[in-house]
Amino acid sequence: MDYFFELFFSGLSKGSIYALIALGYTMVYGIIELINFAHGEIYMIGAFTALIISGILTILGFNKISILILATIGAVIYSSAYGFTVEKIAYKPLRGSSRLSPLISAIGMSIFLQNYVLLAQTPNFVSFPELIPEIKWLEPYSSFLGSTDFVIIVTTAIVLVLLTILIKFTKIGKAMRATAQNQVMAALVGVNVDKIISVTFIIGSGLAAIGGVLIGSHVGQINFYIGFIAGIKAFTAAVLGGIGSIPGAVLGGLVLGWTESFGTGYISSDYEDVFAFCLLVLILIFRPAGILGESTQQKV
Amino acid sequence: MKKIFVLIGALFLVLSLLTPGSCGDVIKIGVAGSHSGDLASYGLPTVNAVKLVADNYNKKGGLLGKKVEILTGDDQCKPELATNVATKMVSDGVVAVIGHICSGATKAALPIYKEAKIPVISPSATNPALTQSGQYPNFFRTIASDDAQAKLDVEFILNVLKAKKVAIIHDKGDYGKGFATYAKKFIKKDGRAKVVLFEGVTPGGVDYSAVVQKIKRKKPDVVVFGGYHPEASKIVSTMRKKGLKIPFISDDGVKDITFIKVAGKYAEDVYASGPKDISKNPLHIKAVEEHKKVFGSDPGAFFDNAYSAALALFNAIEKAGSTDYDKVTKALRTYYVDTPVGKIKFDKKGDAEGVGFSVYQVQNGKFVEIKF
Amino acid sequence: MFEEIKKSLKVSIWFMFLTFPIMVIKVNLTDKVIIWRWKNLILVGIGSFFLSFIWRYLLERKAKKAKKEEMGIGQTSIFLKIFNNPKYAKPLYIIFLLFILAFPFIFSMYQTNIMISALIYVMLGLGLNIVVGLAGLLDLGYVAFYAVGAYSYALLNYHFHINFWLALPIGGLLAAIFGIVLGFPVLRLRGDYLAIVTLGFGEIIRLILENWDEFSFGPSGISNIPRPSLFGINLGVKESTIFIYYLIVFMSIITIFVVNRLQNSRLGRAWIALREDEIACQAMGIDKTKTKLTAFALGATWAGFGGVIFAAKTTFINPASFTFLESAIILSIVVLGGMGSIQGVILAALIMILLPEYLRAFSDYRMLIFGASMVLMMVFRPEGLIPSSRRKYEYDPTKR
């Protein structure tokens, strides 16, 4: 039974990681129905920014907590700025054209950003400092749950709650929902659609940056390519949960994490990703819009 | 729109003009490997190494009185690109190639070089079949093959660590899985120990705790890992964080200073086999110094092997007195040359004599050679 | 003018801010040194200042053109006129064909070799064009069928010594069967759900090839796959490269012919109808299941052929050649070319495959330029290089 719980917590922390990135995916998709392939790269840039800032601060001799805070803030600012700029360059001019054009533009952007970081920084893996301090009272349970795992799970939960509040109860959330439903109508009733889309990108990218910092310190190393792999998994998670739905992204991430973890634990990690994708196919066959997705009747 | 066509037309024209014939006063050396994409970090140090050696020769007045020119070819470790690179190298008239980096790409490219009679020296392609199959008489390497390494590691596990139960993990890659499979084979053959787990992890994964829990459950005495350092450091740090303190032994993809940098305190006590200790070799020290001076950073993976490959090649061309294929390959097989990886020459199959492996352990943030 | 400069200045400052940490700072923690590369900052500043002018100019031009078209006075470019007028198009095609046929004799073997790669992608692009461009089913796992083709030749040859000519139809057939196998479960899905499932399918195939050693030799792949023989004569590398070149030219022409005929057939029209409106299409009595499945199967067949030729060309295959990025590139070819347009797909395939090869001169910046040009292409020409002429009749909800 211990083994079961060990795997359960492994899956939980892994799933939370996926969820954290998937949230940004799902937000962007919810609003402009775009699979933002460059989202993974935004996450990677967040991690790199945090690395650079924490490196400077370490050399200057700051203490651990202030480094964590400053690095996170810096990463969030820069990732948001990148997300904002990417939207303005690669997606905004394409609004109103066919659905596939922004997708290709996103793939191009993803290739561009990867190579940009590769050239400007390094092709190698670099070690990422352990920014998250050890939590003392967790130590007896360390075989189940490390302190970074714990922080990631808690952060994901907090982000989920905050995002839900933002979207359900604030004015900007209302405007987001309106834009998601119908851009033309939203503009007619006075919503600044451009601004809402920008805000969505900024929030989504900021979340990706938080993910970048946390996952960077969890894994302990980053390179320019981490965004791509994480991006695909996060995208899978978002679709699994019902793309466009905030709780769906988290649920999808967790389900994906557990599938991989139990699949590895009880069968074999050789086919870890195969389990994940098979589950995806199965779920989508029975619920074509994902677990929490509302299957909208197609308008004729 | 017309512009695009004009542009393409112009491009074709320029390129057809550029396609060079044989020039009299330069010797062209190809450097092929992954220079972009996710494996770029394994290929780029080789380019630097060959550049350094070539510059040294050029400063001294060149090779056989001719200037050495380097042509790089990026295959991203993909076989289909490797064949393109190979044909490009052949068309451009290189006399020899340093590379390719990955075994798969090397396998794909070799037949083309073989037909064109171009010797190839790889700093890093460790697949045993490359030399042992005897299919590629034009192939040499300055690194020992995977099975030699696996054999050494298994001997270490059985004789020194005296393990009874072994868990083998690999990264599903050509190199890692190859190493792991050999290790499994040698352990089975010996019979003193049992393989309790043989599994692959997905490279680039964000979290390996599930597979670590599985290792823990099988209660092995030692974990063998086949693969590269990014995955190794993730697995070993997860193991230590989860309180699993058994020995961890791996291959030369892990015996890289980056591993220690990345894994930090969790790297302590990890065993990794790697090329024999060369840190005191004056040529190695010199090469690293040069790299720091020219490129402003520490050299990366396979730098020493690539530097040695370039030295061996240039030496052979000098000894042969020409760039003729038969003479150069004969010289490669005949004369010993001092290189950063030691005094080497190549045997009949193309493996370097004098390049061997030792087992290292990380102690106080450094790889320390272990004699046994 | 002053306004313009002010705008560009703003952009320039923004980009200097944006690229600051990644372009300027480099931290070396082991030696505790921070390297500042101020030169980069200046370069970014100046570069973005001027580029923003060009950017705005091009966007304006695009907007003007769109407006003209809306008012009905939009002129089709000369290029399209030529293409749509058989009087000019025919000689043009013939010249192009002659050029292609003479290619291996004019250029070096290297050029021929990458031309083969490009032509394989022409086939793949045209095949995917059936699925995405005509039937409107977004497939992100197309590379799986390519892998099926390649492995079927490699394995059949390894175990049963089946030669290339026999393997070619078998590879196509197997790929078609896989297409149907994938098609069945995803019939109900639409849009991006379909995209992710096909992506998953592609990954599953690759992972199975990677892990099932006994079947596929795992990650180390299969080497020494024979090149095709000519009436039983084995050719050297050079001759067989030229031979494969003509083979792939021939196959591409067949592909073009078939796809062209399909497009105007009953089935082709059913695909287009399905793409435009699924429900109306069913109301008109088109069998949705059958139509979708044939799209998958036919699209996959070409990938299968392409795979067999690919295996014969490289003589070595391993799962690393069949990653998601490959699917993304094939999809980019279809979209960049102009969905549903045959000439467009051909042009795009040539550009997408030849561009990175010829960009080798820029070595390190190669993929950077490649990514950037994909973005630029889409921004300034979202309808693709040569938009499908059928588009004219399309119902466009944004222009009621």
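Residues numbered from 1 in each chain as written. Chains lettered and ligands numbered in written order. Predicted model: local features only at pLDDT ≥ 70, side-chain atom pairs only at ≥ 80, totals over all residues.

Asks: How do you make sense of the overall build of chain C when you look at a structure like this?
Replies: The number of helices and strands found in chain C is 16 helices and 2 strands. Among the 400 residues that make up chain C, the fraction classed as buried is 48%. Pairs at least 24 residues apart make up 76% of the contacts formed inside chain C by residues separated by at least 6 positions. (Helix = DSSP H or I, 4+ residues; strand = E, 2+ residues; numbered from the N terminus. Buried ≥ 20, exposed ≤ 12 C-beta atoms within 10 Å, placed from the backbone. Contact = placed C-beta atoms within 7 Å.)

Asks: I'm lost on the sheet that holds strand β3 (residues 96-98) of chain B in this one. Help?
Replies: Adjacent strands of a sheet form backbone hydrogen bonds with each other and so pair up, either parallel or antiparallel. Residues and elements named next belong to chain B. The 5 strands lie next to each other as β2-β1-β3-β4-β5, forming an open sheet whose pairing is parallel. Of all the strands in the sheet, just β2 (67-74) and β5 (139-141) have a single pairing partner and so form its edges. Sheet twist, expressed as the average angle between the axes of neighbouring strands with direction ignored, equals 25°. Here β3 runs beside strand β4 (residues 120-122); their pairing, made up of 2 bridges, is parallel. (Pairing = 2+ DSSP bridges. Axes fitted to C-alpha atoms, helices over the stretch in contact; angles between N-to-C directions.)

Asks: Help me understand unusual backbone geometry, please; the structure alone is not making it clear to me.
Replies: Backbone geometry follows two general trends: most residues other than glycine have a negative phi, and most peptide bonds adopt the trans configuration. Cis geometry marks the peptide bond from G99(B) to H100(B), where omega comes out at -10°. In this fold, H100(B) is placed in the loop between β3 and α4 (103-116). At H161(C), a residue that is not glycine, the phi angle is positive and equals roughly 55°. With respect to the helices, strands and loops of the structure, H161(C) is situated in the loop between α6 (143-160) and α7 (164-183). A positive phi is found at N224(C), a non-glycine position, where the angle reads about 60°. Take N224(C): it is sitting in the loop between α9 (213-216) and α10 (237-263).

Asks: What is the right way to read the interface of chain C and chain B from this model?
Replies: Note on interface size: it is often stated as the accessible area lost on association of the parts. Tallying the contact residues gives 34 residues for chain C and 34 residues for chain B. At the level of elements, α3 (78-84), α5 (109-134), α8 (191-211), α13 (288-314), α15 (342-358) and α16 (366-380) of chain C are the ones that each hand at least two residues to the side of chain C that touches chain B. The leading source of residues in the side of chain C that touches chain B is α5(C), at 5 residues. Taken together, the residues of the side of chain C that touches chain B break down into 14 nonpolar, 16 polar and 4 charged. (Nonpolar A, V, L, I, M, F, W, Y, C, P; charged D, E, K, R; others polar.)

Asks: Honestly, the packing of helix α1 (residues 2-32) of chain A against helix α9 (residues 226-241) of chain A in this entry has me stumped. Any pointers?
Replies: Describing two packed helices takes the angle between their axes plus the distance from one axis to the other. All names here are of chain A. Direction vectors running N to C along α1 and α9 enclose 65°, while the axes themselves pass 8 Å from each other. One way to sum up the angle between α1 and α9 is to call them roughly perpendicular. The two elements α1 and α9 meet at a crossing, and its hand is right-handed. In this structure, α1 uses Y18, A19, I21, A22, Y25, T26 and Y29 to contact α9, whose residues at the interface are A230, K233, A234, F235, A237 and A238. Looking at the contact of α1 with α9, its residues break down into 11 nonpolar, 1 polar and 1 charged. (Parallel < 35°, antiparallel > 145°, perpendicular 65-115°, else oblique. Left-handed = near helix turned anticlockwise from the far one by under 90°.)

Asks: What should I look at first to understand the sheet that holds strand β8 (residues 222-226) of chain B in this one?
Replies: Residues and elements named next belong to chain B. In spatial order, the strands read β7-β6-β8-β9-β10-β14-β15; together these 7 strands make up an open sheet with mixed pairing. Two strands close off the open sheet at either side, each with one partner strand: β7 (194-200) and β15 (366-370). The mean angle between the axes of side-by-side strands here comes to 30°, regardless of whether they run parallel or antiparallel. Two strands pair when backbone bridges link them, and β8 and strand β9 (residues 248-250) are joined in this way by 3 bridges, in the parallel orientation. Looking across to β9, one finds that V223 is bridged to F248. Contacts from helix α8 (residues 209-218) reach β6 (165-170), β7 and β8 within the one sheet, and its direction differs from that of β7 by about 170°.

Treat this as a map of the structure, not an account of what it does.
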